[in-house]
Structures are given as C-alpha cells and as structure tokens.
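A look at the structure
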Amino acid sequence: MSKAVFFDIDGTLWDFHNRIPESTVRAIRALRANGHYAFICSGRARAYITHPDLFAIGFDGLVAACGTHVELDGKRIYEKLIDRELAIHTVETVRKYGFRPILEGPEYLYMDEKDFAQEPYGQKVMRELDDRLRGIMDYYGEWEINKLSCATDHADREGCFAALDEYYTYLIHNSAVAEMVPKGHTKATGMQKMCEALGISRADTFAVGDSVNDLAMLEYAGCGIAMGNGTPEAKETADYVTTDLADDGIYRALAHFGLIGETDS
C-alpha cells in the first residue's frame, strides 16, 4: 500500500546554505520509485519555494506556508489568504509593538529591506528571492499573503500576541523570531487536505521535520520522524529520531521503516 511522506525543508532537506545531501536525493527518488508519495511540507510560503535543486529531487506536491497553500501535481488545491483589512490591521499592530515583519504569500514576499539589511537571514532572503521580493511600504495594502514571520527582539511580544490572538496561532522559534499563522491552519491541516485528495489515510503517512513549526505534522502523521539535528521539542514529539541531516538522516529513516531498501539508489 502506498504511503505519503511529508518533508520539511530547512534543517531537514537542506541546511542553512541550501546544501542537500546526495543520500537525501537518492532516498526520495527511491521512495517514489517504490510507489510511495513524497511531498514538501514547509513553513516557507510558496513564493520562497522555488529553488531548482529542490524540485530536481522530484516531489508529488507541496504544502506551503504552514498549511495555507497546498499543491498536488502542480495544481493548487487549497489556498487561504489573509484578507486586506486584516492584513493592514496586522501590519500596523505588529509595527506598533516593535516587530519587524516579513509578509509571506504565494507569489511574493514583502519585506522592508531597512529592517533586515544587516542580518544574515535578511541578506539570504534578498539574495535568493530577487524579483519575488517586494517592499511592504512600496505595495502597502496590496499584499497577497498567507502568513507572516516577525523579528521580535527588543519588542513587546506579549502585548502584540494578545492584541492579535483572535486571528493567529503563534509559532515561537526563539526570543527573536515568531511566525503568525491564520488560526485553524498548520502543516497538519495541509497534510490532511493532501491525504483527502489522494484517498490516503492518516495512518499511512510519515512526516519528517526538525523544529517548532513541524510539531503539528509530527503529531498528526502516522509516524513522526525528527532529524538528529532537530530541536528537543521536535525529538520529544516524534515517534522516531533519525541521524543528522548531514549524516544521511533521511536515507536512514526511510530505510529503517522499509520505505526504501538499504541499497536503493
């Protein structure tokens, strides 16, 4: 029986420098050759999932922006966008409390470069997105977005979270970074929509991840797999912990569960 395996990107498929282990490529290709499905399942918005090295691996679809965007066989089967009035209210509120936002959508990310120009992550976003990156102020109120991420250092986090709690679920990565996702949406809800489209049961799913925004999918999956380089929370939530990304973690995990053979290539 076919299984569906959902893979996070950052810290799972590749590292901060976008390096994908050769063993990961071989493992996912073998997985699909054995009749199983492989999906990207990322907190990244669709606009930020464009790297040719990712798609060269071969996937059957993707869940993006924490379950707010779902594609199967290149066709969009679900989209949740934040409506214009709420988006404007959100931007005004997070700025009021000292947050620096990045607005994330299916076609573009919106970021004011002055907010992130001196930070490695901001430089990475600007370098990789190119013409898919727009200024928040340059397109004020015209954004098409699924979610947002915010730098929250030196800000009133609790005040802001309380002010917008009616609308968002917060994924707290650390004291300086938080994601804000429309309520009712997680990577798990995206997985559910994909499985419904395919007619696959929850019991026949695997999820592989490493961080706080992977917890919902690790819990939802029939089997949750945490990377060896993952956070303590991810490892505690998972059913199984594999080795680090750079130590053939995905290959070893898929082989452990018999989804590929030990010698598949």
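What you see as residue numbers is a count from 1 along each chain, following the sequence as written. Local features are withheld for residues below a pLDDT of 70 in this predicted model, meaning they are given only at 70 or higher, and side-chain atom pairs are given and counted only at 80 or more; totals for whole chains, interfaces and linings count all residues. By convention in this description, side-chain values take in all heavy atoms of the structure and omit both hydrogens and water.

1. Examining the overall build of the chain
Note the following rule: Secondary structure follows DSSP: runs of H or I at least 4 residues long count as helices, runs of E at least 2 residues long count as strands, and numbering of each begins at the N terminus. The size measure is the radius of gyration over C-alpha atoms, and the globule rule it meets is 2.2 Å times the number of residues to the 0.38 power. We call a residue buried when its accessible area falls under 20% of the maximum for its residue type, exposed when it is over 50%, and partly exposed in between, using a 1.4 Å probe and counting protein chains only.
Along its length, the chain carries ten helices and 14 strands. Over its C-alpha atoms the chain spans a radius of gyration of 18 Å, differing by no more than 12% from the 18 Å that the globule rule assigns to 265 residues. For the chain, the spread of C-alpha atoms along the three principal axes comes to 55 × 35 × 35 Å. For the chain, buried positions account for 55% of its 265 residues.

2. Let's talk about the packing of helix α3 (residues 84-96) against helix α6 (residues 157-164)
Threshold: Fitting a line to C-alpha atoms yields each axis, with helices limited to the stretch in contact; the angle taken between N-to-C directions then spans 0 to 180 degrees. By definition in this entry, angles of less than 35 degrees are roughly parallel, angles greater than 145 are roughly antiparallel, angles of 65 to 115 are roughly perpendicular, and the rest are oblique. Here is the rule for handedness: rotate from the far helix to the near one, and if that takes an anticlockwise turn smaller than a right angle the crossing is left-handed, while a clockwise turn gives right-handed. In this description, contact between two residues means that some pair of their heavy atoms is separated by no more than 4.5 Å. For this classification, Asp, Glu, Lys and Arg are treated as charged, while Ala, Val, Leu, Ile, Met, Phe, Trp, Tyr, Cys and Pro are nonpolar and the rest, including Gly, are polar.
Where α3 contacts α6, the axes come no closer than 9 Å and their chain directions differ by 160°. Classified by the angle between their axes, α3 and α6 sit roughly antiparallel to one another. The way α3 lies across α6 gives a crossing that is right-handed. Taken together, the residues of α6 that come into contact with α3 (itself represented by His89, Thr90, Thr93 and Val94) are Cys160, Ala163 and Leu164. Grouping the amino acids of the contact of α3 with α6 by side-chain chemistry returns four nonpolar, three polar and no charged.

3. A word on the nonpolar core
Let me state the cut-off plainly: Residues belong to one nonpolar core when they are buried, are Ala, Val, Leu, Ile, Met, Phe, Trp, Tyr or Cys, and are joined through side-chain atoms within 4.5 Å.
In this structure, Phe7, Leu13 and Leu254 are the most contacted members of the largest nonpolar core, which totals 32 residues. Taken together, the elements giving at least two residues each to this core come down to β1 (4-7), α1 (22-33), β2 (37-41), α2 (52-57), β3 (61-64), β12 (205-209), β13 (223-226) and α10 (249-256). Excluding residues that lie within four positions of it along the chain, Phe7 makes contacts with Leu13, Ile28, Leu31, Ala38, Phe39, Ile40, Cys41, Phe59, Val208, Ile250 and Leu254.

4. Overview of the pairing of strand β9 (residues 147-151)
Put simply, the rule reads: Pairing between two strands is assigned when DSSP locates at least 2 bridges connecting them.
Burial analysis of β9 places five of its five residues in the buried class, the great majority of the element. Of the two faces of β9, both are covered, the one formed by Lys147, Ser149 and Ala151 as well as the one formed by Leu148 and Cys150. By the bridge criterion, four bridges tie β9 to strand β11 (residues 177-182) in an arrangement that is antiparallel. Residue Ala151 lies in a different strand from β11, and its bridge partner there is Val177.

5. Considerations on the packing of aromatic side chains
Going by this rule: Only the six-membered ring of Trp is used, alongside the rings of Phe and Tyr, when aromatic pairs are assigned; centres must lie within 6.5 Å, and planes under 30 degrees apart are stacked while those over 60 apart are edge-to-face, with the rest tilted. Here, over-ring charges are defined by two tests on the NZ atom of lysine or the CZ atom of arginine: distance to the ring centre within 6 Å, and angle to the ring normal within 35 degrees.
In total, this model carries eleven aromatic pairs according to the counting rule given. Between Tyr110 and Tyr139, the ring centres sit 6.5 Å apart and the planes meet at 65°, which makes this aromatic pair edge-to-face. Of the two residues, Tyr110 is situated in strand β7 (residues 109-110) and Tyr139 in the loop between β8 (133-134) and β9; the sequence distance between them amounts to 29 residues. Summarising the aromatic geometry, the rings of Tyr167 and Tyr168 are spaced 6.4 Å apart at their centres and angled 65° between planes, so their arrangement reads as edge-to-face. Here the basic side chain of Lys124 rests over the ring of Phe16, its NZ or CZ set 4.9 Å away from the ring centre. One Lys or Arg, Lys193, reaches over the ring of Tyr78 and ends 4.3 Å from the middle of that ring.

6. Considering the layout of surface pockets
Once rolled over the atoms, a probe with the size of a water molecule shows which space is left empty. Our working rule: A cavity here means a set of 1 Å grid points, computed over protein atoms only, where a 1.4 Å probe fits but cannot escape. A pocket is an open set with protein on both sides within 12 Å along at least 5 of 7 lines, and lining residues have an atom within 4 Å of a point. Grid points are joined across faces, edges and corners, and a volume is the space filled by probe spheres set on the points.
Space inside the largest pocket adds up to approximately 910 Å³. Along the wall of the largest pocket there are 35 residues; nearest its centre are Asp10, Tyr121, His173, Val177 and Glu179. Where the lining of the largest pocket is concerned, the elements lending two or more residues are β6 (100-104), α5 (120-129), β9, β10 (168-174) and β11. Element by element, the count of residues in the lining of the largest pocket is highest for β9, at four residues. Tallied by class, residues from the lining of the largest pocket come to 13 nonpolar, nine polar and 13 charged.

7. Focus on the sheet that holds β7
The six strands lie next to each other as β8-β7-β6-β9-β11-β10, forming an open sheet whose pairing is mixed. Each having just a single partner strand, β8 and β10 make up the two edges of the open sheet.

8. Remarks on α10
The element α10 is extensively covered by neighbouring structure, given that six of its eight residues are classed as buried. Restricting attention to buried positions, one finds in α10 the residues Gly249, Ile250, Tyr251, Ala253, Leu254 and Ala255. Of the residues one or two after α10, Gly258 is the one with positive phi, at around 75°.

9. A look at the sheet that holds β2
Reading across from one edge, β5-β4-β3-β2-β1-β12-β13-β14 is the order of the eight strands in this open sheet, with mixed pairing throughout. Each edge of the open sheet is held by one strand with a lone partner, namely β5 (75-79) and β14 (240-241). On the sheet, α10 packs against β1, β12, β13 and β14 and is oriented at approximately 160° with respect to β1.

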